[in-house]
Amino acid sequence: MSLLLICLFAGQAQAQDDLLSLIEEETPEETVYATAGFKSTRVINGHSFENTAGGVLDVRISHRFGYLNSGAYNLWGLDNATIRIGADYGITDWLMIGLGRSSVGKTYDGFAKWKFLRQSSGARSMPLSAALVSTIALETLKWAEPERENYFSSRLSYTHQLILGRKFSESFSLQLMPTLVHRNLIPTEQQAHDVLVMGAALRQKLSKRVALNAEYFYVLPDQLEPLYRNSFSLGFDIETGGHVFQLHFTNSTAMIERGFITQTTGNWLDGDIHFGFNISRVFTIRE
């Protein structure tokens, strides 16, 4: 009798194990999304493939001092400065908008950024993140020749950019940025209204709180005059109390796409390098 009871209990236990294994097999695998490929929505001057979270307002101040080679009289550029103040808002986790005002050209700018792919593994595998960025900029400098007929549309420029990026490891991320800049008014006939550019950016983590960022924008030939150069920037992200403080060096004075892509004149080899920083403060507007 005891032997019979033992066999019955053993059979029930085996049946339960079989049922549990079936349940586990039918349970779908979770989707794990990659996070913090870059610690900010900006690499240095340009956008990263990260977005401001839905319901979050990010108030940003970007600052560029003068050229380091301006010498001791100008305190190696610290006596001169350009600035952009802006605010970015996450409508959803996938869509953000922003407005800003730069001292360079007394320019107002606005943008929309749609992150339509997000790198993930597990149940849903996606090898990269992808975003589209469209911007509009309005320059408000006084007309150089006010006596002639000037058009409001001449003050406008537009940028459209595709960002393709991947976080390869906890320490390294890379993105490519094919870009089109359109300028309604161009300085000379030797320049193009539509400027095609290929950008690249990377992030390499150096320690728990410090990362190295770099970005480069290559303008395809025969679109700008020879005096203009490709924008190249190096910087450091420093995480402090939940915020990211960005310090960097760049040969670009402007901080919006039209400026740093088509108007950069600084030469790194000659010391035409700006020291600068980006700081931001986030506010949760909507839970």
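Up top is the structure these notes are about.
On a predicted model such as this, the values are computed, not experimentally measured, just so you know.

Peer 1: How do you make sense of the pattern of salt bridges when you look at a structure like this?
Peer 2: Two side chains with opposite charge may pair up if their charged atoms get near one another. If you walk through the whole model with that rule in mind, you get six salt bridges. With its nearest N and O atoms 2.9 Å apart, the salt bridge here joins Asp 88 to Arg 42. Here the residue Asp 88 occupies a position in strand S3 (residues 81–90), and Arg 42 occupies one in the loop between strand S1 (31–33) and strand S2 (56–67), the gap between them amounting to 46 residues. Across the pair, exposure class does not vary: Asp 88 and Arg 42 are buried alike. For Arg 60, the salt bridge identified is with Asp 58, shortest N-O distance 3.0 Å.

Peer 1: Can you walk me through the side chain of Gln 119 in this structure?
Peer 2: Residue position: Gln 119 is located in the loop between strand S5 (107–117) and strand S6 (120–122). Take Gln 119: its relative accessible area is 8%, and that puts it in the buried class. Excluding anything up to four places from it in sequence, Gln 119 contacts Val 32, Tyr 33, Ala 34, Met 126, Pro 127, Leu 128, Ser 129, Arg 166 and Lys 167.

Peer 1: Looking at this model, I keep getting lost on the environment of Pro 187. Mind explaining?
Peer 2: Structurally, Pro 187 can be placed in the loop between strand S9 (172–183) and strand S10 (194–205). Remark: the alpha-carbon pair of Pro 187 and Leu 224, spanning 37 residues in sequence, is separated by 9.9 Å.

Peer 1: In this structure, what is going on with the sheet that holds S2? I would like to understand it.
Peer 2: Within a sheet, adjacent strands bond to each other through the backbone by hydrogen bonds, running parallel or antiparallel. Spatial ordering of the closed barrel is given by S2-S3-S4-S5-S7-S8-S9-S10-S11-S12-S13-S14, a layout of twelve strands whose pairing is antiparallel. The mean angle between the axes of side-by-side strands here comes to 20°, regardless of whether they run parallel or antiparallel. As paired elements, S2 and S3 share nine bridges and run antiparallel to each other. Considered in S3, the bridge of Arg 60 is made with Gly 86.

Peer 1: Mind showing me how you'd approach the nonpolar core here?
Peer 2: Across soluble globular proteins, you tend to see nonpolar side chains buried next to one another. The biggest cluster of nonpolar side chains holds 17 residues, and the ones touching the most others in it are Ile 163, Val 195, Val 197, Phe 217, Val 219 and Ile 261. Contributing elements (two or more residues each) for this core: strand S7 (129–139), S9, S10, strand S11 (210–219) and helix H2 (257–262). When residues in this core are grouped by element, the largest group, three residues, is from S10. Setting aside its immediate chain neighbours within four residues, Ile 163 contacts His 47, Ser 48, Phe 49, Ser 129, Ala 130, Ala 131, Val 133, Gln 175, Leu 176 and Met 177.

Peer 1: What is the right way to look at the pairing of S3 in this model?
Peer 2: For a regular strand, the rule is simple: side chains alternate between the two faces of the sheet. In S3, alternate side chains face the same way, and those of Thr 82, Arg 84, Gly 86, Asp 88 and Gly 90 are buried while those of Ala 81, Ile 83, Ile 85, Ala 87 and Tyr 89 on the opposite face are not. Where S3 meets strand S4 (residues 95–102), seven bridges bridge the pair, whose relative direction is antiparallel. The residue bridging Arg 84 from the neighbouring strand is Ser 102, located in S4. Connecting S3 to the next strand, S4, in antiparallel fashion are four residues.

Peer 1: Looking at this model, I keep getting lost on the pairing of strand S8 (residues 156–167). Mind explaining?
Peer 2: With ten bridges connecting them, S7 and S8 associate as antiparallel partners. Directly across from Val 133, in S8, lies its bridge partner Gln 161. Alignment of S8 against S9, held across nine bridges, turns out to be antiparallel. Within S9, the residue paired with Thr 159 across the bridge is Val 181. Hairpin geometry of S8 and S9 is characterised by an intervening segment of four residues between the two adjacent antiparallel strands.

Quick notes on the rules
Residues numbered from 1 in each chain as written. Predicted model: local features only at pLDDT ≥ 70, side-chain atom pairs only at ≥ 80, totals over all residues. Heavy atoms only, no water. Salt bridge = Lys/Arg side-chain N within 4 Å of Asp/Glu carboxyl O. Helix = DSSP H or I, 4+ residues; strand = E, 2+ residues; numbered from the N terminus. Buried < 20%, exposed > 50% of the residue type's maximum accessible area, 1.4 Å probe, protein only. Contact = heavy atoms within 4.5 Å. Pairing = 2+ DSSP bridges. Axes fitted to C-alpha atoms, helices over the stretch in contact; angles between N-to-C directions. Core = buried A, V, L, I, M, F, W, Y, C linked by side-chain atoms within 4.5 Å.

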